[in-house]
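One letter stands for each residue in the lines below.
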Amino acid sequence: QVQLVESGGGSVQGGGTLRLSCAISGNTFSRAYMAWFRQAPGKEREGVAAIATRAASTVYADSAKGRFTISRDNAKNTLYLQMNSLKPEDTAMYYCAASRAWYTGAALSKSGYDAWGQGTQVTVSS
């Protein structure tokens, strides 16, 4: 069982910065990826960034490349999403997620994940 708890969301102006954190409990040995997803009102949940559990390789959505950075601190059992140069279109509920056991599919496909946090709201004004 894996439990995920997000924090760090808030309201900022365009161009601002936020750092999201995800506290992880439970065994993630079989979970190939940890990731951040987001969902805006009336839109589908979409993958933002993912990091491999074994290696440090990362995958980013085109909208996040160059602005967002996903990282983890295994000693602290914490996943992070550093978000710079925020835009109004980044406004959404952000979720931390762990991939299904032994998953080998696309890193940013929501169907590949079965453990989710409760979400933290990010609002970016113009």
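Residues numbered from 1 in each chain as written. Predicted model: local features only at pLDDT ≥ 70, side-chain atom pairs only at ≥ 80, totals over all residues. Heavy atoms only, no water.

S.K.: Before we move on, can you summarise the pairing of strand E9 (residues 92-99) with the specific residues and values?
M.R.: The buried count for E9 comes to 7 of 8 residues, which makes it a mostly enclosed element. In the sheet, strand E4 (residues 33-39) pairs with E9 via 6 bridges, with the strands oriented antiparallel. Across the sheet, Gln39 pairs through a bridge with Met93, a residue of E9. The pairing of E9 with strand E11 (residues 120-125) spans 3 bridges and is antiparallel. Bridge assignment links Met93 to a residue of E11, and that residue is Gln121. Pairing analysis gives 3 bridges linking E9 to strand E10 (residues 113-116), with the strands arranged antiparallel. Bridging across to E10, Ser99 finds its partner in Tyr113. (Buried < 20%, exposed > 50% of the residue type's maximum accessible area, 1.4 Å probe, protein only. Helix = DSSP H or I, 4+ residues; strand = E, 2+ residues; numbered from the N terminus. Pairing = 2+ DSSP bridges.)

S.K.: Summarise the layout of surface pockets; cite the residues concerned and give the values.
M.R.: Rolled over the atoms, a probe as big as a water molecule pinpoints where empty space is left. In this structure, the largest pocket spans a volume of roughly 200 Å³. Along its surface, the largest pocket is lined by Ile24, Ser25, Gly26, Thr28, Met34, Thr53, Arg72, Asp73, Asn74, Asn77, Thr78 and Leu79. For the lining of the largest pocket, the elements supplying multiple residues, two or more each, are strand E3 (18-26), strand E7 (68-73) and strand E8 (78-83). When residues in the lining of the largest pocket are grouped by element, the largest group, 3 residues, is from E3. Classifying every residue of the lining of the largest pocket by side-chain character gives 3 nonpolar, 7 polar and 2 charged. (1 Å grid on protein atoms, 1.4 Å probe; cavity = no way out; pocket = protein on both sides within 12 Å on 5 of 7 lines; lining within 4 Å. Points joined across faces, edges and corners; volume = space filled by probe spheres on them. Nonpolar A, V, L, I, M, F, W, Y, C, P; charged D, E, K, R; others polar.)

S.K.: Please provide a residue-by-residue account of the nonpolar core, values included.
M.R.: Of all hydrophobic cores here, the largest spans 28 residues; its most connected members are Leu4, Leu79, Leu81, Met83 and Tyr94. Mapped onto this core, the elements with two or more residues apiece are strand E1 (2-7), E3, E4, strand E5 (46-52), E7, E8, E9 and E11. The residues contacting Leu4, other than those within four sequence positions of it, are Cys22, Ala23, Ile24, Met34, Cys96, Ala97, Ala98, Ala115, Trp116, Gly117 and Gln118. (Core = buried A, V, L, I, M, F, W, Y, C linked by side-chain atoms within 4.5 Å. Contact = heavy atoms within 4.5 Å.)

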